[in-house]
Amino acid sequence: MLAAVFRGPGDLDVTEIETPEAGPGEVVVRVGANTVCGTDVRILRGEKTRGVEPPVVLGHELAGHIAEVGRGVEGYEVGAPVAMYPLLQCGRCFYCLRGMENVCEHLRIFGNVENGGLAEYVRLPARAVERGNLFVAREERPIEELALAEPLACCVNGLEKYRVEVGDTVVILGAGPIGLLHLQLALLSGAREVIVSNPSEPRRRFAERLGATVTVDPRAEDLPEVVRERTGGRGADAAVICIGKPELVNEALRLVRKGGRVNAFAGLSGAGWAEVEANLIHYNEVLLSGGSNCRRRDFETAMRLIEERRIDTAAMVTDRFPLAEAARAIERSSRSDGMKVAVMP
Ligand SMILES: [Zn+2]
Ligand SMILES: [Zn+2]
């Protein structure tokens, strides 16, 4: 089968590798779509090396149809549309035992360590099948919509940390795919106003179409001033950082009211340092949280939200590439005029 193998920084080799077969307890999925994530861009550029073990087939946002079911596997039928939860945990570390499986100490991620979705087929080891890494869709639908269950699930996990209460004003810093998912989740959670900030005009238009109350070009407008104006001078109830720019951490702390919540959702490249005025946290009693990966329960929530069309993932896929052009697809996704790029083997 054809697969996009990551061999090292800058080296993505689209080549023939052995087609996986389902051994006892295993399932093989024929990939219909694998959407490209910022993490894939960072891996290919060599900016993310932690937890990545080349050579490996890249891609962790994937959906497709069950192609083969191994001996002893029950509950899965060939041909069923599925999305795959891409984390494999140990199940017994401190964090797994406390419901934080997303930060398991022995995490193995498909597309980082296990072969991922930028391939015609992906094999789920017995451990992944047993633990329920396959989520079957209730009905057939455009497969790229289901591939977005993974990033949506990560946002659902983040949302739990910064909470949105009915009537809240929420600021989303960044209108890339992740920002737009947080925007939709905030609205669904009862936010009265969602202010989205992004320097790209097409992305701001996108955010408006998906329900943003106001969009701001931070280069041309004074975002803190806009937020103060709309909140009686207090600041927003919550702010979510959806771009990996270090200076945004402090900016977000300045955008929220006393007792407000800030979520550092986006990972920062390199060492990840950001300078913050810690007194903002102290005097304003700001709650600062993060969000890494997702739990199975978030994935299940994401699947249902997509299936019931409560979250629009269809609109977010703006580009489609064949597998042979995987490198171009990843390059394309790092540009700011499109939204989500899907590779469709
Ligand atoms: Zn991702
Ligand atoms: Zn664990």
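Note on numbering: residues in each chain are counted from 1, in written sequence order. A letter from A marks each chain and a number from 1 marks each ligand, given out in the order of writing. With pLDDT at 70 or above as the cut-off, local features in this predicted model cover only qualifying residues; side-chain atom pairs require 80 or more to be listed or tallied, and sums for whole chains, interfaces and linings still use all residues. Think of the side-chain values as coming from all heavy atoms in the structure, minus any hydrogens and water.

What follows is about the domain arrangement of the protein chain. Many authors give the size of an interface as the accessible area that is lost as the parts come together. What the domain assignment reports for the protein chain is domain 1 (2-148 + 313-343) and domain 2 (155-289). An automatic or database domain assignment is the source of the domain bounds shown. A C-alpha centroid distance of 29 Å is found between domain 1 and domain 2. Between domain 1 and domain 2, the contact holds 13 residues from the first and 16 residues from the second. Two parts lose some accessible area (1.4 Å probe) when they are put together, and adding that loss for both gives the buried area. Around 1,000 Å² of area is buried between domain 1 and domain 2 when both sides are counted, 63% of it from carbon and sulfur atoms. As used in this structure description, the phrase polar contact means that two N or O atoms lie within 3.5 Å; if the pair is within protein, one of them must be able to donate a hydrogen and the other to accept it, and residues adjacent in sequence are counted only when both atoms belong to side chains. Remark: the boundary between domain 1 and domain 2 carries zero residue pairs in polar contact (both at pLDDT 80 or more). Any residue outside Ala, Val, Leu, Ile, Met, Phe, Trp, Tyr, Cys, Pro, Asp, Glu, Lys and Arg is labelled polar, Gly included; the first ten of those are nonpolar and the last four are charged. Within the side of domain 1 that touches domain 2, the residues separate by chemical class into three nonpolar, five polar and five charged. Contact criterion: two residues are considered in contact whenever any of their non-hydrogen atoms come within 4.5 Å of each other.

As a further point, take the coordination of the zinc ion (ligand 1). For Na, K and Ca the donor cutoff is 3.2 Å, while for all other metals N, O and S atoms must lie within 2.8 Å; water is not among the atoms, so some sites may look incomplete. The protein atoms donating to the zinc ion (ligand 1) are Cys37 (SG), His60 (NE2) and Glu61 (OE), with metal-donor distances spanning 2.2 to 2.5 Å. Think of it in three bands: with a 1.4 Å probe and only protein chains considered, a residue is buried below 20% of the maximum accessible area for its type, exposed above 50%, and partly exposed in between. Overall, the relative accessible area of 6% leaves histidine 60 in the buried class.

Helix numbering and strand numbering both begin at the N terminus, where a helix is a DSSP run of H or I of at least 4 residues and a strand a DSSP run of E of at least 2. Following the sequence through the fold, arginine 204 ends up in helix 7 (residues 201-209). Exposure remark for arginine 204: the relative accessible area of 9% places this residue in the buried category. In terms of polar contacts, arginine 204 uses its side chain to reach the backbone carbonyl oxygen of proline 199, at 3.1 Å.

Turning our eyes to something else, we now look at the coordination of the zinc ion (ligand 2). The zinc ion (ligand 2) binds to the protein through Cys90 (SG), Cys93 (SG), Cys96 (SG) and Cys104 (SG); the donor distances cover 2.3 to 2.4 Å. Irregular is the label for any site that misses the other tests, which are tetrahedral for four donors with all angles between 85 and 135 degrees, and square planar for four donors or octahedral for six when opposite donors exceed 155 degrees and the remaining angles lie between 65 and 115. Note that the zinc ion (ligand 2) binds four donor atoms; their angles at the metal cover 103 to 119°, and the shape is tetrahedral. On the primary sequence, the residues serving as donors to the zinc ion (ligand 2) are separated as C-x2-C-x2-C-x7-C. Cysteine 104 matches cysteine 96 in its accessibility class, with the two residues each being buried.

UniProt positions are given in the numbering used here, feature names are shortened, and annotations may be inferred rather than shown by experiment. Feature annotation in UniProt assigns "domain: Enoyl reductase (ER)" (unreviewed entry) to the following positions: residues 8-343. A helix fraction of 30% and a strand fraction of 24% characterise residues 8-343, whose end C-alpha atoms lie 20 Å from each other.

This brings us to the side chain of threonine 313. Note on placement: threonine 313 falls in the loop between helix 11 (296-307) and strand 17 (317-321). Classification of threonine 313 by relative accessible area gives buried; the value is 1%. A polar contact of 3.3 Å, which involves the side chain of threonine 313, links it to the backbone oxygen of glutamate 145. Not counting residues up to four positions away in its chain, the partners in contact with threonine 313 are Glu145, Leu148, Leu181 and Ile306.

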